[in-house]
Every structure is written in structure tokens, then in C-alpha cells.
Amino acid sequence: MKKFQNICKDIADRSDLVIVPTEYVRGQIVSCADYKNYDKIKVCYHGIPKLSSMFSNNYKWLNKEPGFIHASRLKHPQSIDKGIYWTDHFADFSNTSIYVCGNGDYKFRSKNIINMGLLNQNELFYFMSSKCNYALIPSQMEAGCTIALESVMCNCLPIALNMAGLAEVMKMIGLEDYLVEPQKYKLGDQLFVYEPKNEDVISVINTNIHKIRRDLENAQEIIRNKYTIEKTTDKLLKIIKENL
């Protein structure tokens, strides 16, 4: 931890400008590096492609079979932070099939997990748009998290852990009602992880379907207006121009 703090402080000291993807990361740099020049660190949120040109805006959420997807790294130790252990257990708890996609060799125990392997971006977007209603994002260490934005634009509701930059992203697009509180669990002799409580996730899934539809449509409008690659790139260039 001390080495990481020194690296953060060294980078900040030698830089004229530090650009980070969320206020959460900004705060982490300031706190862990004991860095005083707060104004030097600027936030520019990640943007996503204009998915409306790739997929129809015809709302198909009500017609899709309930489907869950978890897009993540599947290789240890990253899989711990991404909540893959929880997804494996939740598939059995909920007795429902969960599609998982990502790169890695994690061995799932649940027979309800459908491992899709590594999908390219277009394949992932098409799959979320056509097959899934819910994107499970139980990650405890997200800095920015574009998958939440991408899933929304694919008419797929993100259900996310109320932690780190992920919670910030969910709140900025008006989906705070679909955050679940983290529960601390012991994994091994010394390692602790934070995971959603299964019953809380089920409660979110049971949200009124018309409310979900309204909230997704509102979130899509926010993303189109503020968080496309074009919009965030313009903001990035403006930050650089004003501060260098």
C-alpha cells in the first residue's frame, strides 16, 4: 500500500495536470497520496459509442425473456474484485441462468452459469440488447465503469454494488434505486470481499416493470446528452486547453 501511495504522489507531483474518470478516483489520489494540490486533478467521465445508431430504439424490454449477464475479467485475482464468486453463487440462489462473458479461466461451480467466453464490443452490445434484461455489476473496485452506460443503451438494466466509481456513475444517470448495499464477507484467512446481499438483488429485480422502463429511458437521454465519446472527448480537450 505504501508503494502505491508513493507512486500516486510521484505521478501527481511530476504532472501539470491529472485527469481521472470519476470524483471517486480524484478523492482516492488525494487521500492515499496525501496530495494537497486538489485543483490540479480534474474529472472527465468516460464516454461510450452512440449505440442508438447500432441498435433500434424500439423498446423490446417487455418482450424479452428475463436474462442476466455479467461481463467481467474471469482471471484470478481480478475476478475477486469483479464479484465473479458472488455471481457463481447467485446463479444457484436465484435458480436462474446467468450469461457470463470475459477473458480468463475461472472455473464456475454453478450449472446455471452459461460462459460465453470473450466477446468483442459489437457482440456484447448485440447480446445485451437482444437476450438480457439485467446486467449484474457486483464489482467493488470500479474506477469509472462504462459497462453500466453501455448496458443502459442496450435496454439492459444495470444492478450494481453501491461502491467506488460505479455508484457515482449509476447516480449521475439517475439509477441510484438499482444500487445494492455491500456486505462484507471473509474469503480465506485474511482476505475480505464486499458483495451484494442476494435478497437485495432479488428485491431490485422485482421492481415495477414500468418504473424500470421509465428510468432506463431517462438514463438513455442523459447518456446521449452527456456521456457519448464525442461529448466526453470535447470536455477532455476543453480541460486540457484551460489548464495547460
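Throughout, a residue's number is its position along its own chain's written sequence, starting from 1. With the structure being a predicted model, the display of local features is reserved for residues of pLDDT at least 70 and the display and counting of side-chain atom pairs for 80 or more, all residues being used for whole-chain, interface and lining totals. With hydrogens and water stripped out, all remaining heavy atoms of the structure feed into the side-chain values.

J.: Help me understand the overall build of the chain in this model?
T.: For the chain, the helix and strand inventory stands at ten helices and ten strands. Any residue under 20% of the maximum accessible area for its type is buried, any over 50% is exposed, and the rest in between are partly exposed; the area is computed with a 1.4 Å probe on protein chains only. Taking all 244 residues of the chain together, the buried fraction comes to 47%. Of the contacts made within the chain by residues no fewer than 6 positions apart, 60% connect residues no fewer than 24 positions apart. Only the protein chains shown count as cover for residues, and the accessible areas themselves come from Shrake-Rupley with a 1.4 Å probe. A total accessible area of about 13,100 Å² is found for the chain, and carbon and sulfur atoms account for 48% of it. The numbering of helices and of strands both runs from the N terminus, where a helix is a DSSP run of H or I of at least 4 residues and a strand a run of E of at least 2. Residue contacts are counted whenever heavy atoms from the two residues lie within 4.5 Å of one another.

J.: Explain helix 7 (residues 164-172) here, please?
T.: For the α-helix, the turn length of 3.6 residues means that residues three or four positions removed from each other point alike. By the criterion of burial, helix 7 is predominantly enclosed, with eight of the nine residues buried. Every buried residue belonging to helix 7 is among Ala164, Gly165, Leu166, Ala167, Glu168, Val169, Met170 and Met172, and all of these are buried. In this structure, the buried side of helix 7 is in contact with helix 2 (23-32), strand 6 (134-137), helix 6 (146-153), strand 7 (157-161), strand 8 (179-180) and helix 9 (209-226).

J.: Even after reading the chapter, I still don't get helix 5 (residues 121-131), so can you show me in this structure?
T.: Among the residues making up helix 5, those that are buried are Leu124, Phe125, Phe127, Met128 and Ser129. At its buried positions, helix 5 is contacted by strand 3 (68-71), strand 4 (98-101), strand 5 (113-117) and helix 6. N or O atoms within 3.5 Å of each other form a polar contact, as long as, within protein, one can give a hydrogen and the other can take it, and as long as residues adjacent in sequence are counted only when both atoms are side-chain atoms. With a side-chain oxygen lying 3.1 Å from the backbone nitrogen of Asn122, the N-terminal cap of helix 5 falls on Asn120.

J.: Explanation requested: the packing of helix 4 (residues 84-94) against helix 8 (residues 198-205) in the structure shown.
T.: Relative placement of two packed helices is described by the angle separating their axes and the distance separating the axes. Geometry is summarised by axes, namely lines fitted to C-alpha atoms with helices restricted to the contacting stretch, and by angles between N-to-C directions that run from 0 to 180 degrees. Packing of helix 4 against helix 8 leaves a shortest axis separation of 11 Å and a crossing angle of 65°. Comparing their axes, helix 8 and helix 4 come out roughly perpendicular. Crossing hand, helix 4 versus helix 8: right-handed. Residues Trp86, Phe90, Phe93 and Ser94 of helix 4 touch helix 8, and the partners they reach there are Asn198, Glu199, Val201, Ile202 and Ile205. Three classes are used: nonpolar for Ala, Val, Leu, Ile, Met, Phe, Trp, Tyr, Cys and Pro, charged for Asp, Glu, Lys and Arg, and polar for all others, with Gly counted as polar. Partitioned by chemical class, the residues of the contact of helix 4 with helix 8 number six nonpolar, two polar and one charged. Roughly parallel covers angles under 35 degrees, roughly antiparallel covers those over 145, roughly perpendicular covers 65 to 115, and oblique covers all other angles. Two helices that cross are described as forming a left-handed crossing if the nearer one is turned anticlockwise from the farther one by less than a right angle, and a right-handed crossing if clockwise.

J.: Any chance you could explain the pairing of strand 4 here in plain terms?
T.: Strand residues, when the strand is regular, have side chains that alternate between the two faces of the sheet. Looking at chain direction, strand 3 and strand 4 are connected through four bridges and run parallel. Across the sheet, residue Phe68 finds its bridge partner in strand 4, namely Ile98. For two strands to count as paired, DSSP must find a minimum of two bridges between them.

J.: Looking at this structure, how should I read the sheet that holds strand 7?
T.: Strand pairing in a sheet relies on backbone hydrogen bonds, with the paired strands running either antiparallel or parallel. Here six strands make up an open sheet; going across it, the order is 5-4-3-6-7-8 and the pairing parallel. Sheet topology places strand 5 and strand 8 at the edges, where each strand pairs with a single neighbour. As judged from the four bridges shared by strand 6 and strand 7, these two strands associate in the parallel manner. Bridge pairing in strand 7 places Tyr134 opposite Leu157.

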